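The lines below spell out each chain.
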Amino acid sequence: MQKKTEEQGRMLGEDHLPEEFLQETKRLLGSRYGEDDYRLFLQSYQEEARAGLRLNRRKLPNLSLPAGPEQEAWGLQPVPWAEGGYYYGPEKKPARHPYYYAGLYYIQEPSAMIPASILPVSPGERVLDLCAAPGGKATQLGAKLGGRGVLYANDISSSRAKGLLKNLELFGIPNMFVTSVGPDELLDVFPESFDKILIDAPCSGGGMFRREPSMVKSFQEKGPAAYVPVQKELLEKGAKMLKAGGYLVYSTCTFSEKENEGVILDFLAEHEEFEAEAPQIPGRGQNGEADMEQLGLRDGVGLREAIRVWPHCAAGEGHFAVLLHKKGEDKRSSPSHGHAHLCKRAERDSWRKELPSWAAAFFREVSDGFGSGTLLCRDNQLYLLPEGEPLHRKLRYVRTGLLLGARSRAGKFEPSQALAMALAKEEYTSTVSIPSYDSRAVKYLKGETVELDGLAARGDADWMLVCIDGFPVGWGKRSGSSLKNKYYPGWRWQ
Ligand code: SAM
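What comes next concerns the included structure.

Conventions and cut-offs
- Residues numbered from 1 in each chain as written.
- Predicted model: local features only at pLDDT ≥ 70, side-chain atom pairs only at ≥ 80, totals over all residues.
- Heavy atoms only, no water.
- Pairing = 2+ DSSP bridges.
- Helix = DSSP H or I, 4+ residues; strand = E, 2+ residues; numbered from the N terminus.
- Phe/Tyr/Trp six-rings, centres within 6.5 Å; stacked < 30°, edge-to-face > 60°.
- Buried < 20%, exposed > 50% of the residue type's maximum accessible area, 1.4 Å probe, protein only.
- Lys NZ or Arg CZ within 6 Å of the ring centre and 35° of its normal.
- Salt bridge = Lys/Arg side-chain N within 4 Å of Asp/Glu carboxyl O.
- Core = buried A, V, L, I, M, F, W, Y, C linked by side-chain atoms within 4.5 Å.
- Contact = heavy atoms within 4.5 Å.
- Near = heavy atom within 4 Å.
- Polar contact = N/O pair within 3.5 Å; in protein donor to acceptor, adjacent residues only side chain to side chain.
- Nonpolar A, V, L, I, M, F, W, Y, C, P; charged D, E, K, R; others polar.

Moving on, we come to the sheet that holds strand β4 (residues 105-107). Read across the open sheet, the four strands follow the order β2-β3-β1-β4; overall the sheet is antiparallel. Looking along the sheet, the strands with just one partner apiece sit at the ends: β2 (77-78) and β4. Here β2 pairs with strand β3 (residues 85-88) via two bridges, running antiparallel. By the bridge assignment, Q77 is partnered in β3 with Y87.

Given below as structure tokens:
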């Protein structure tokens, strides 16, 4: 592991970590694994946190990046517990690469890849991410759905929910709702409604001190106990929204026993319809504990099914996750009925017949079979709502389904950025592809006009789908030998 600079090291020496935090970790580690373990834990604060990215299986079904010199220089190494998860080297900046803008990966702390990895989501299911912003885990769940079924991504903070929306759109997830309400309001509308639920609860954040030393201050101000009531409430309400047979993951980024095993064991004592289950983790075979140890993961305190990540045992920050099963018919991998993938092609495409005249010509350029659901036209904007999902007055929506585009003042259809990201290159007739190493890729992402000479282009529709190495990034309009830039201004490369 990379040693921290002296300055960073000093920031997180023992003297800079909260007393309550030190006492608790000493108790948790020392009493179970011996004093030496606690010493190794403290030592880990002198090392750099590892950075990670997670590939988007929606755009990269084989979970590998196109080969290229820059990607090789990133020194990608697989994260052993998450499919498509990779560590990248210090000082590398994959978020400053056109592939990031093409939604090919999400920058995510490696331990944070565990909760959505262990929630067994299958295409066609109804999934809720109750505390979803900024969307690390929601993008992972959305990608697992493969465009079928529905993801409700919720966060009580409306400003954070906007960032969540951007990340889901960047990932090209079409079958989703983004809401910004409390758990009570959701439960009112969705009793026993979801196959799978993720509760990545707000917490005291002790697991993140090495990565974000600023979190020490809020820990000192509030402490773990302040979070327990909201964590319990989220779990109570989440449990009531889960269908019988469904699965729920509860996770935090703290070591605190109160916020982790404490919340779960109290919950299990009061809910005999729930049980904790040892999750399937990539890299964990039949050997249970031995495999966990090899992965560097540990189990919970008095809750063996839970997973704890300790930074001195694994290359990741502090995290806790547990998989809960609501007894009843098994929903481990059964898609709910009535969803898009069960419909015939003609039914799936029926929304096209509803298109208003100002949008119909545009969609003749989009291949049959793209998208399914119900068309909604509101305030001159067109949305494609996931199949069989009505809107509810009581909910505050940040986004209802896939925003297809809007009617311009001139009465013409203008496709949205989200539509560009949800399409595959083959699903639209007119495309231009810029190689990622060509300076025009970044020029386009900065909102500049781009010369088309020498670029692979096809089709003659008014709107062109602009791709980088074949992956859509936005729209443009041909104007002679150049491309008028229609990249969404709010997403520009800065
Ligand atoms: N799951 C997110 C991810 O992977 O990017 C991180 C979630 S963060 C740990 C916890 C989130 O819970 C915060 O965004 C916070 O706004 C939200 N939150 C706090 N209280 C909530 C509540 N009562 N209902 C829903 N969300 C809540």
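For the structure on display, the rule yields 34 aromatic pairs. Relative to F177, the ring of Y152 lies with its centre 4.8 Å away and its plane at 15°, an arrangement referred to as stacked. With a gap of 25 residues between them, Y152 in strand β6 (residues 150-154) and F177 in strand β7 (residues 176-179) connect regions that are remote in the sequence. The residues Y152 and F177 share a single accessibility class, namely buried. Consider the rings of F267 and F274, whose centres lie 5.1 Å apart with planes at 65°: the pair is edge-to-face. A residue is classified by how much of its surface remains accessible, and F267, at 4% relative accessible area, is buried. In this structure F274 comes out as buried when scored by relative accessible area, which is 4%. Here the aromatic cluster, defined as three or more aromatic residues joined through ring pairs, consists of F21, Y38, F41, Y45, F209, F219, F255 and W310. Positioned above the aromatic ring of Y87 is the side chain of R50, whose terminal nitrogen or guanidinium carbon lies 4.4 Å from the ring centre. Across the ring face of Y33, the terminal group of R298 is positioned such that the distance to the ring centre comes to 3.6 Å.

Among the structural elements, G388 can be located in the loop between β15 (381-385) and β16 (397-400). The exposure class assigned to G388 is exposed, which follows from its relative accessible area of 61%. Taking the C-alpha atoms as reference points, G388 and G238, separated by 150 residues in sequence, lie 22 Å from one another.

In this section: unusual backbone geometry. For the bond running from A133 to P134, omega is 5°, close enough to zero to count as cis. The residue P134 is located in the loop between β5 (126-129) and α7 (136-145) in this model. In this model, N380 sits at a positive phi of 65°, which is unusual for a non-glycine residue. Relative to the assigned elements, N380 resides in the loop between β14 (374-378) and β15. According to the relative accessible area criterion, N380 is partly exposed, its value standing at 39%. Non-glycine residue D469 carries a positive phi angle of around 50°.

What follows is about the pattern of salt bridges. In total, this model carries 23 salt bridges according to the counting rule given. We note a salt bridge from D195 to K243, for which the minimum N-O separation is 3.0 Å. Here the residue D195 occupies a position in strand β8 (residues 194-200), and K243 occupies one in strand β9 (residues 242-252), the gap between them amounting to 48 residues. Between E221 and K217 there is a salt bridge; the shortest N-O distance is 3.6 Å. Of the two residues, E221 and K217 are both situated in helix α10 (residues 215-222); the distance of four residues between them amounts to about one turn of the helix. Residue E221 shares its accessibility class with K217, and that shared class is exposed.

This next bit is on the nonpolar core. Ranked by internal contacts, the top residues of the largest apolar core, which has 41 residues, are W81, L151, L168 and L297. In this structure, W81 is in contact with Y87, P110, S111, I114, S117, I281, P282, L295, L297, A314 and A315, ignoring residues within four places of it in sequence.

In the vicinity of the ligand there are 19 residues, among which C131, G136, D155, R160 and D200 approach most closely. Within the backbone of C131, an N or O atom sits 3.0 Å from a nitrogen atom of the ligand. At a separation of 3.3 Å, an oxygen atom of the ligand approaches a polar backbone atom of P134. When its residues are assigned to classes, the shell around the ligand shows eleven nonpolar, four polar and four charged.

Interpretation note: all reported values are geometric properties and have no functional meaning in isolation.
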